[in-house]
Amino acid sequence: MELANLYQSINLIIPEIVLSIALIVLVIADLIFHTNKKIIPFIAGTGILVTAIFVINQFNYIGFAFSTATHTARSFGMLAVDSFGVFFKLIVIVSSFIIVLLSLASDEIQKTTDRIGEYYALIYGMILGMFFMITATDLILIYLSLELLSLSSYVLAGFTKLRDRNSEASLKYLLYGAVSSGLMLFGISLVYGLTGSTNLYIINTLIQNPHINLFTLSFATILIFAGIGYKISSAPFHFWTPDVYEGAPITITAFLSVASKAAGFALLIRFVKTVFVSYETNEGFWSLIEVFDWQSILVVISILTMTLGNFSALWQNNLKRMLAYSSIAHAGYMLLGLVVLSNQGLIAILIYFMIYLLMNLGAFLVVMLIANKINSEEIDDYNGLGFTSPLLSVSLAIFLISLTGLPPTAGFIGKLYLFIALVDAKMIAVAIIALLNSVVSLYYYVRVLKHMYLVKATASTPSIIPSTSNAILLLVLVVPVLIFGVYFQPLVEFAKDCIVILGI
Amino acid sequence: MVMLTEFGKILIFIILAIVFVVITLFLNKLIRPNRPTYEKKKVYECGENPEGSPWVKFNIRFYVVALIFLIFDVEVVLLFPWALTYKEFGVYGFVVGIIFLLILALGMAYEWRKGDLEWARPEPKPPILDDLLNSNKSEERKK
C-alpha cells in the first residue's frame, strides 16, 4: 500500500473519524464530569450533527478508499464511497439523532443517570459499526463492522437492568448473534477458499469463471446471508426479534428496528449488487451471473418473512412486541424491492426506508411517552386513551395507518412504489401476496385504535399530555408522514439521486 | 489402483489413529488385572488426599483482569509491524502510533476511574465465640 494512497483515503473516512473523536470526547467527559451528567447527551447530539455535515459533503463523490492492489490497473478498495452509502449513512444519522432526543424523554434511560456516559458511548459504537457496514466492500471489513455493531447492541439491549426481561433480551440477542456470525464467518472462509480473495469486486470477476464449484459457492453465500439476514431479521433468522424488542429499553428497540436494519439492508444490497450482478441493462435491470439463482431464494425469503411477521403479530397483546413483528413484516416488504433486481426496485427501497424511519420511530415515541406515564405497553391498558389524551392517540393512529400503508399517509407511497416495481418486473403473483399481507396487517394495527377509541374512557383512564419539547418532536415526526403522503415528489427525486452503487 | 489425493492420505491417517487407540485400550482392558481399592478409586491430586470439591467459583474479577491483559497483548502485536515500518512512515506514522496508544491509555484510565480495577475484598468478620460453638454443635449433630 502506498503512502500517498493512504493519505488520500483518510480524507474519505472523515465522517467516521469525526464520530470516533466525538466518542473519545464523550468518554473523557464521562470521566471528568463525575456528578453532573447533563452535558453528555448534549455532546452526543452535537457529535452526530457535525458528522452529518461531513456525510453530506460526501454526496456525489465516488471512489474507493484503502485500495490494496496497486500493481493492477483496476485497484479495488476496502471501502466504497458513493451516493448509495451516503443515503444510508444519512438514515443512520437522522435516526440516531432522534434516538438521542428519545433517550432524553425516556424515564427508563433517565433512571440510569450514573451510567449515561456508557449508554451514549455504546450508541456511538453502533453508529460507527453501521457506517463501516454501509461502505465496506471487503468481507473481512464487513465481518468486523458487523461485530462492532452487534457487540454494542448486545450490551445496550440489557442496559437498564430494571427487569429480568432486560437481561433475557441481552442474552438471547448475544446467543443468536454468536451463532449467525459464526455461520457467516464460515461462509466467508469458504468464499475465500474458492476465490482466494476477500474483496467483493475481485470475487465478482472470479465467480464468472465457469469452472467454479457451484455447490460450495451457493452454500457459502447462503451462510453469509445468515449473518446479514440476522441483522435485518428476515425469515429463518428472525426468532430473536420479538424477545429482544420487547425486553430492550424502548429507545434501543427503536434504534435496532430502524438504523440497524438500514445498515443490514445497505450491506445486503451492496453484497448482492457487487458480487452477483454482471452488468446493468439499459432499462435498469441487473443481470445476475449464472452461478446461483439469488432471485428465487430472495423471493421465498421475503414472502416467508412478511407472512410470518404479519400472522404472528395478530396474536400479540404487548404493543412493543407487536411492533417487533410488524418490523419483521416490513423487512419482508423491503426485501421485495431487492427481489426485482432493478434500479426501480432500489429506488422503492430507499423511498420506503425514509418513510419507515419516520413512522416507526414515531410509533415507538408515542408508545414510550405512554409507557412513561402508565408504565405498561399492554394494548388493554390503552383503553379509552383516545378521549383523554388526544394528541398522542391521534399521532399513534396516523403512524399505525401509515405502517399499514393506507392513503393519505406516507406509508402508502412507500408500498405503492414497491408494488409498481414488482409489476414492472412482471412479478404479479408476488405483488398480490404482498398486497394480501398488507390486508392482514390492517387487523392488528387497527385493533390498537379500537382499544383507544371504541372503548369508553373510565375515571381511572390517565390523561397524558406530553411536555412541550416532546410534543414538538412528535409533530416533527407526524407532519412529514402526512405531507409526504400527498406531496412525495422530493422523496422520489432524492431517492433517484442516491442509487449510484460503485460498480465495476 | 485408486490414486489418493493429499486429503485422502490424511483421512487414512485419521482412521488409522482412531483404530490404533481403540485397539490398544481394548487390549489393555483384556489383559490387565483388575483389583480396585478405596485409595485407587480416589481422584488423583498429586498424591495428596483431595480437599473439597474441584468446582470452585473463581472471582469474576479475574475475567476483568484477563480482558485488560488481552487489550494490551493485542496492542503489542500491532506495535511490532508499526515499529518495523517506522522509518518509512516518518513523523506521520509516529503521530498515528501515538494516537493509537493514547486511545488505549484512555480505555485504561476509564477502567481505573470507574473502579473496575478495585479488587472486591471480603469484609473482615471478627470471629465470635458463640457462633463458633454453635456451628461446631450443628456439625456434630450432622455426623
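Bear in mind that the values here come from a model prediction, so they are computed numbers and not experimental data.

Draft legend 1. Geometry of the overall build of chain A. Along the backbone of chain A there are 21 helices and four strands. Over its C-alpha atoms chain A spans a radius of gyration of 22 Å, differing by no more than 12% from the 23 Å that the globule rule assigns to 504 residues. The buried share of chain A, reckoned over its 504 residues, is 54%.

Draft legend 2. Region of the structure containing the confidence of the model for chain B. Residues and elements named next belong to chain B. Summary statistics for chain B give a mean pLDDT of 81 and a share of 90% for residues scoring 70 or more. Helix 1 (residues 6–31) holds the highest mean pLDDT among the elements of chain B, 91, whereas helix 5 (residues 129–142) holds the lowest, 66. Note on the complex model: pTM 0.85, ipTM 0.71.

Draft legend 3. Region of interest: unusual backbone geometry. Residues and elements named next belong to chain A. Across the junction of Pro-407 and Pro-408, the peptide omega takes the value 5°, indicating a cis bond. Turning to its location among the elements, Pro-408 is positioned in the loop between helix 17 (390–404) and helix 18 (410–424). In this structure, Leu-341 takes a positive phi of about 50° despite not being glycine. With respect to the helices, strands and loops of the structure, Leu-341 is situated in the loop between helix 14 (319–339) and helix 15 (343–374). What makes Leu-341 buried here is the crowd of 23 C-beta atoms within 10 Å. Located in the positive-phi region is Lys-426, a residue other than glycine, with phi close to 60°. Mapping Lys-426 onto the fold places it in the loop between helix 18 and helix 19 (428–453).

Draft legend 4. Layout of the environment of Leu79(A). Residues and elements named next belong to chain A. Mapped onto the fold, Leu-79 is located in strand 2 (residues 77–81). Sequence separation of Leu-79 and Tyr-382 is 303 residues, and the distance between their C-alpha atoms is 47 Å. Apart from residues lying up to four places away in sequence, Leu-79 is in contact with Leu-12, Ile-13, Phe-64, Ala-65, Phe-66, Thr-135, Ala-136 and Thr-137.

Draft legend 5. Expanded view of the nonpolar core. Of all hydrophobic cores here, the largest spans 178 residues; its most connected members are Met133(A), Ala263(A) and Ile351(A). For this core, the leading source of residues is helix 15 of chain A, giving 23 residues.

Draft legend 6. Structural context of helix 19 of chain A. Residues and elements named next belong to chain A. Its 26 residues place the ends of helix 19 37 Å apart at the C-alpha level, agreeing with the 38 Å of an ideal helix rising 1.5 Å per residue. Buried within helix 19 are the following residues: Ala-431, Ala-434, Asn-437, Ser-438, Ser-441, Tyr-444, Tyr-445, Val-448 and Met-452. Looking at the buried residues of helix 19, the elements they touch are helix 13 (294–313), helix 14, helix 16 (385–388), helix 17 and helix 18.

Draft legend 7. How the structure looks around the pairing of strand 3 (residues 277–280) of chain A. Residue and element names in this part refer to chain A. Across three bridges, the pairing between strand 3 and strand 4 (residues 286–288) is antiparallel. Considered in strand 4, the bridge of Tyr-279 is made with Ser-287. Counting the residues between successive antiparallel strands, the hairpin from strand 3 to strand 4 contains five residues, one of them, Gly-284, with a positive phi of roughly 90°.

Draft legend 8. Representation of the packing of helix 10 (residues 214–232) of chain A against helix 12 (residues 250–276) of chain A. Residues and elements named next belong to chain A. Where helix 10 meets helix 12, the axes come as close as 7 Å, and the angle between the chain directions of the two elements is 150°. Compared by their axis directions, helix 10 and helix 12 come out roughly antiparallel. For the crossing formed where helix 10 meets helix 12, the hand is left-handed. Of the residues in helix 12, those in contact with Ile-228, Lys-231 and Ile-232 of helix 10 are Ser-260, Lys-261, Gly-264, Phe-265, Leu-267, Leu-268 and Phe-271. Of the residues that constitute the contact of helix 10 with helix 12, the class distribution is six nonpolar, two polar and two charged.

Draft legend 9. Molecular detail of the environment of Val155(A). Along the chain, Val155(A) falls in helix 7 (residues 139–157). Between the C-alpha atoms of Val155(A) and Leu122(A), which are 33 residues apart in sequence, the distance is 7.9 Å.

Draft legend 10. Region of interest: helix 14 of chain A. With 21 residues, helix 14 of chain A should reach 30 Å at 1.5 Å per residue; the first-to-last C-alpha distance of 30 Å fits that figure. Buried residues dominate helix 14 of chain A, accounting for 21 of its 21 residues.

Scoring rules and cut-offs
- Residues numbered from 1 in each chain as written.
- Chains lettered and ligands numbered in written order.
- Predicted model: local features only at pLDDT ≥ 70, side-chain atom pairs only at ≥ 80, totals over all residues.
- Helix = DSSP H or I, 4+ residues; strand = E, 2+ residues; numbered from the N terminus.
- Rg over C-alpha atoms; globule rule 2.2 N^0.38 Å.
- Buried ≥ 20, exposed ≤ 12 C-beta atoms within 10 Å, placed from the backbone.
- pLDDT = per-residue confidence, 0-100.
- Contact = placed C-beta atoms within 7 Å.
- Core = buried A, V, L, I, M, F, W, Y, C linked by C-beta atoms within 7 Å.
- Expected span 1.5 Å × (residues − 1).
- Pairing = 2+ DSSP bridges.
- Axes fitted to C-alpha atoms, helices over the stretch in contact; angles between N-to-C directions.
- Parallel < 35°, antiparallel > 145°, perpendicular 65-115°, else oblique.
- Left-handed = near helix turned anticlockwise from the far one by under 90°.
- Nonpolar A, V, L, I, M, F, W, Y, C, P; charged D, E, K, R; others polar.

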